[in-house]
Amino acid sequence: MLIFVIPLKSAKVSNSWERVTQLFERCIKSVYNQTSPNFHVIVVCHEKPKIEFTHSHITYITVDFSPPNETNLVAKGDTDKGRKILKGLVYARQFSPTHTMTVDADDCVSKNLAKFIQQYPDSNGWFINKGYKYQEGSNYIYIKRNNFYKMCGSCNIIRYDLNNLPETAEYNRGYGYYRYYIDHAKVKDILNNRAKPIKALPFPGAVYILDTGENLFELSKRLKFSIFNRKLLNKSVMDEFGLYDLQQSREICQL
């Protein structure tokens, strides 16, 4: 079984909780769209978002963590994200998963992940080397042909025992304690150095969404890509990743 762990930011630190909720609902629908039933989703949040979409494959864990001690806003956000990921990974143990994948709450993933992973239960895991980058509201999508894992947090699928979970998890520590769960670009090299290498996923595995209004990093707010990597956002990609325009969806709901 593949367990997806989704850390969700708090309403108290969101620019718009309504926007965060919209992004999350698209994300959870994308994750749920798996072609195999062998998966479960764990969402770790301060406040459970009010969305209509529900399913027995989804578990919400609400936490009351105090704000991180870091003064830097990015470090604060990363620390909060890291401890929520850790909380979800620890909770996942009861499902006896073979692998886990952390998914950022505004990204979309391929519907083929769970089916692919179930074929290789003993594999160390995979990193997403090839994926898509999408600017919210655009009619185009951009292919990232390599190093996708270096820019997007929704990128590593790891065998459960390689998650480096502490014997007794703590949730009031600083950034360094959660670094392994936050620094997604370094996981590949860390596991390689531990003689537990993970492989490149053999197909595009996720869509990195930017310019959402809720991105933590400035580089996530603008698109820099060659026109040669651009293509129209077609039905095939939309169906595989559960990607739809949030504004159009909102307008339809209001009709």
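Residues numbered from 1 in each chain as written. Predicted model: local features only at pLDDT ≥ 70, side-chain atom pairs only at ≥ 80, totals over all residues. Heavy atoms only, no water.

Going by what an unreviewed UniProt entry lists, the protein chain is known as Glycosyltransferase family 2 protein and is assigned to Nostoc commune NIES-4072.

Tallying secondary structure elements over the protein chain gives seven helices and twelve strands in all. Taken over the C-alpha trace, the protein chain has a radius of gyration of 17 Å; the compact-globule value for 255 residues is 18 Å, and the two agree within 12%. The buried share of the protein chain, taken over its 255 residues, is 50%. A sequence separation of at least 24 residues applies to 73% of the contacts in the protein chain between residues at least 6 apart. For the protein chain, the distance from the average position of its 35 positive side-chain charges to the average position of its 25 negative side-chain charges is 5 Å. (Helix = DSSP H or I, 4+ residues; strand = E, 2+ residues; numbered from the N terminus. Rg over C-alpha atoms; globule rule 2.2 N^0.38 Å. Buried < 20%, exposed > 50% of the residue type's maximum accessible area, 1.4 Å probe, protein only. Contact = heavy atoms within 4.5 Å. Lys, Arg positive; Asp, Glu negative; His and termini not counted. Charge placed at Lys NZ, Arg CZ, Asp CG, Glu CD.)

Moving on to the sheet that holds strand β5 (residues 108–109). Strand order across the open sheet formed by five strands is β5-β11-β7-β8-β12, with mixed pairing between neighbours. Among the strands making up the open sheet, the edge pair consists of β5 and β12 (230–232). Here strand β8 (residues 140–144) runs beside β12; their pairing, made up of three bridges, is antiparallel. Residue pairing across strands places I141 opposite K231, the latter belonging to β12. (Pairing = 2+ DSSP bridges.)

On to the nonpolar core, then. Counting residues in hydrophobic clusters, the biggest one holds 59 residues, and the most contacted among them are F4, I6, I28, V41, M101 and L113. No other element matches the six residues that strand β2 (residues 39–45) contributes to this core. In this structure, L113 is in contact with L2, F4, Q34, M101, I157, L201, F203 and G205, ignoring residues within four places of it in sequence. Judged by nonpolar contacts, the second largest core, of eleven residues, contains C108, I141, V207 and F241. (Core = buried A, V, L, I, M, F, W, Y, C linked by side-chain atoms within 4.5 Å.)

This next bit is on unusual backbone geometry. Unlike most non-glycine residues, S96 shows phi in positive territory, near 50°. Here S96 is to be found in the loop between α2 (73–92) and β4 (99–102). The exposure class assigned to S96 is exposed, which follows from its relative accessible area of 59%. The residue A195 is not glycine, and still its phi comes out positive at about 60°. Relative to the helices and strands, A195 is located in the loop between α5 (187–193) and β10 (199–200). A relative accessible area of 60% places A195 in the exposed class.

With that settled, the discussion passes to α2. In a regular helix each residue adds 1.5 Å, so 20 residues correspond to 28 Å; α2 covers 29 Å between its end C-alpha atoms and thus fits that length. All buried positions along α2 are accounted for by A75, D78, T79, D80, G82, R83, K84, I85, L86, G88, L89 and A92. On its buried face, α2 is in contact with β1 (2–7), β2, β4 and α4 (179–182). N-cap assignment for α2: the residue whose side-chain oxygen lies 2.9 Å from the backbone N of V74 is N72. (Expected span 1.5 Å × (residues − 1). Polar contact = N/O pair within 3.5 Å; in protein donor to acceptor, adjacent residues only side chain to side chain.)

Once that is clear, we can look at the sheet that holds strand β9 (residues 156–159). Two orientations exist for strands paired in a sheet by backbone hydrogen bonds: parallel and antiparallel. One open sheet accounts for seven strands, arranged β3-β2-β1-β4-β9-β6-β10; its pairing is mixed. Among the strands making up the open sheet, the edge pair consists of β3 (58–62) and β10. One ladder, built from four bridges, connects β1 with β4; its direction is parallel. Within β4, the position partnered with I3 by the bridge is T100.

Residues N156 and I158 line one face of β9 and the alternating positions I157 and R159 line the opposite face, and both faces are buried. As paired elements, β4 and β9 share three bridges and run antiparallel to each other. Residue T100 lies in a different strand from β9, and its bridge partner there is I158. Of the pairings in the sheet, the one linking strand β6 (residues 125–127) to β9 comprises three bridges and is antiparallel in character. Its bridge partner being in β9, W126 is matched across the sheet by I157.

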